[in-house]
Amino acid sequence: MSSFEDFLHTQLRQITEAGLLRKPAMIGPAQGTIVESGGKTLHNFSSNDYLGLANHPAVCQAAREAISEGGAGSGASRLICGTLPAHLRLEADLAGFKRCEAALSFSSGYAAALGVIPALAGKGDVIILDKLCHACLVDGAHLSGATLRVFPHNDMKALESRLAWAHKTCPQGKVLILAESVYSMDGDLAHLSEIVDLKERYGAWLLLDEAHGVGVLGEGGRGLADACGVVHRIEVQMGTLGKALGSSGAYVCGAASLREFLVNRARSFVFSTAPPPSASAAASAAVGLLSNSETCSGLIPPLHKNVDRLCTNLGLPLSPSPIVPIILGPEDLAMQASARLRDQGFLVPAIRFPTVARGQARLRVTLSSAHSEAAIDELAGAIQRAISEGSC
Ligand SMILES: *Cc1c(COP(=O)(O)O)cnc(C)c1O
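Residues numbered from 1 in each chain as written. Predicted model: local features only at pLDDT ≥ 70, side-chain atom pairs only at ≥ 80, totals over all residues. Heavy atoms only, no water.

(A) Examining the packing of helix 2 (residues 57–70) against helix 12 (residues 277–291) more closely. The contact between helix 2 and helix 12 brings their axes to 7 Å, and the two run at 145 degrees. Here helix 2 runs over helix 12; the crossing is right-handed. Contacts between helix 2 and helix 12 involve Ala58, Val59, Ala62, Ala63, Ala66 and Ile67 on the former and, on the latter, Pro277, Ser278, Ala281, Ala282, Ala285, Ala286 and Leu289. Among the residues making up the contact of helix 2 with helix 12, the classes are represented as 12 nonpolar, one polar and no charged. (Axes fitted to C-alpha atoms, helices over the stretch in contact; angles between N-to-C directions. Helix = DSSP H or I, 4+ residues; strand = E, 2+ residues; numbered from the N terminus. Left-handed = near helix turned anticlockwise from the far one by under 90°. Contact = heavy atoms within 4.5 Å. Nonpolar A, V, L, I, M, F, W, Y, C, P; charged D, E, K, R; others polar.)

(B) Up close: the pairing of strand 14 (residues 361–366). Burial within strand 14 is extensive, with six of its six residues counted as buried. Here strand 14 shows a buried face lined by Ala361, Leu363 and Val365 and a second buried face lined by Arg362, Arg364 and Thr366. Direction of pairing for strand 11 (residues 323–329) relative to strand 14: antiparallel, over a ladder of six bridges. Residue isoleucine 327 lies in a different strand from strand 14, and its bridge partner there is arginine 362. Alignment of strand 13 (residues 350–351) against strand 14, held across two bridges, turns out to be antiparallel. Bridge pairing in strand 14 places isoleucine 351 opposite arginine 362. (Buried < 20%, exposed > 50% of the residue type's maximum accessible area, 1.4 Å probe, protein only. Pairing = 2+ DSSP bridges.)

(C) Local environment of the site of the ligand. Around the ligand lies a shell of 13 residues, among which Gly109, Tyr110, Asp209, His212 and Lys243 are the nearest. Here an oxygen atom of the ligand sits 2.7 Å away from a polar atom, N or O, in the main chain of glycine 109. In the environment of the ligand, an oxygen atom lies 2.9 Å from a nitrogen or oxygen atom belonging to the backbone of tyrosine 110. In isolation the ligand exposes 380 Å². Once the protein is present, 82% of that is buried. Broken down by class, the residue content of the shell around the ligand amounts to three nonpolar, seven polar and three charged. (Near = heavy atom within 4 Å. Polar contact = N/O pair within 3.5 Å; in protein donor to acceptor, adjacent residues only side chain to side chain. Areas by Shrake-Rupley, 256 points an atom, 1.4 Å probe, with all protein chains shown as cover.)

(D) Fine view of the sheet that holds strand 14. Pairing in this open sheet of three strands is antiparallel, and the strands run 11-14-13 from one edge to the other. For this open sheet the edge positions go to strand 11 and strand 13, each flanked by a neighbour on one side alone. Contacts from helix 15 (residues 331–343) reach strand 11, strand 13 and strand 14 within the one sheet, and its direction differs from that of strand 14 by about 35 degrees.

Written as structure tokens, this is what we have:
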């Protein structure tokens, strides 16, 4: 026992000495543009609830009704006795919304990636991924046992050279590219049309993670694949239900045969309790709001207007997504700026290693359609003060 405790204490000391110890702060309510944390009322610029749907009356009502009808849990894995009407309804709604043949839901984006990637590729295959891919894509790729090749972020020449290498080295193997529509710590977009052209030229497959694209980009928030008109040229799309859709969980969509294959082969689907029906029903309600052009026009255009307003106030180039990084470099500068913003009443997280590379620490502002223009203007002033104090 004591060697176990020694181990833990030594590890924690090393993390602390590196200035990287994290302690999640309690916050309430979970979402909303105004939250309470550490005895302070703060404007929340840290949530991925981009459209304010986590608190939308129709979304909350759908979750309550699902609990009244079917209870809080889901009983078992979908393959045992856990497939509930709410799951099938959500999957039909998502498939229609995403203009795909079929969708399959998972309990989280992390679980989806860990299930899907090893189902599609393994030993003897090659996975090629963008350097800035989310940890769950990286972990799924490692778990698969395939040979991994990373290309510098959005560098299409480097992607092509990896594809040529894979084609030459593993002519029998499958080649799977992993990319995101919106990169989660930088807020920029994949060069999707070029990626799709390249993967077709080399006979590779593409898994596109739309975690931060769904609900945000494309017509009615259908995502970047839809915006670029390449939905039917992408083998696998995934996205999360816990960001713009305001609920929890994830989906994978594509061909009906992809869905059936994953039901049988994605281990995080087969061996994990199904998502609670309340989460699925809430996500269905969110998809319903986006599918209706009237409700959708009150959600997505105001979001992009808010993003433009903050970027203009700060003199930054306009961001295509609700993620606005303000890169400060050293970890301690970002931590201090975040603390100063908190003192001024704004919750804006500092993002540092290992979430981003060392020396690339940043403030990461995320915007919502629910933020007021006044709060955005105040935030811009507070950011400018917090940064100028740090530099003298
Ligand atoms: C958040 C995120 C995930 C993980 O989704 P969860 O549902 O939170 O597990 C996957 N991919 C990307 C790009 C993400 O930003």
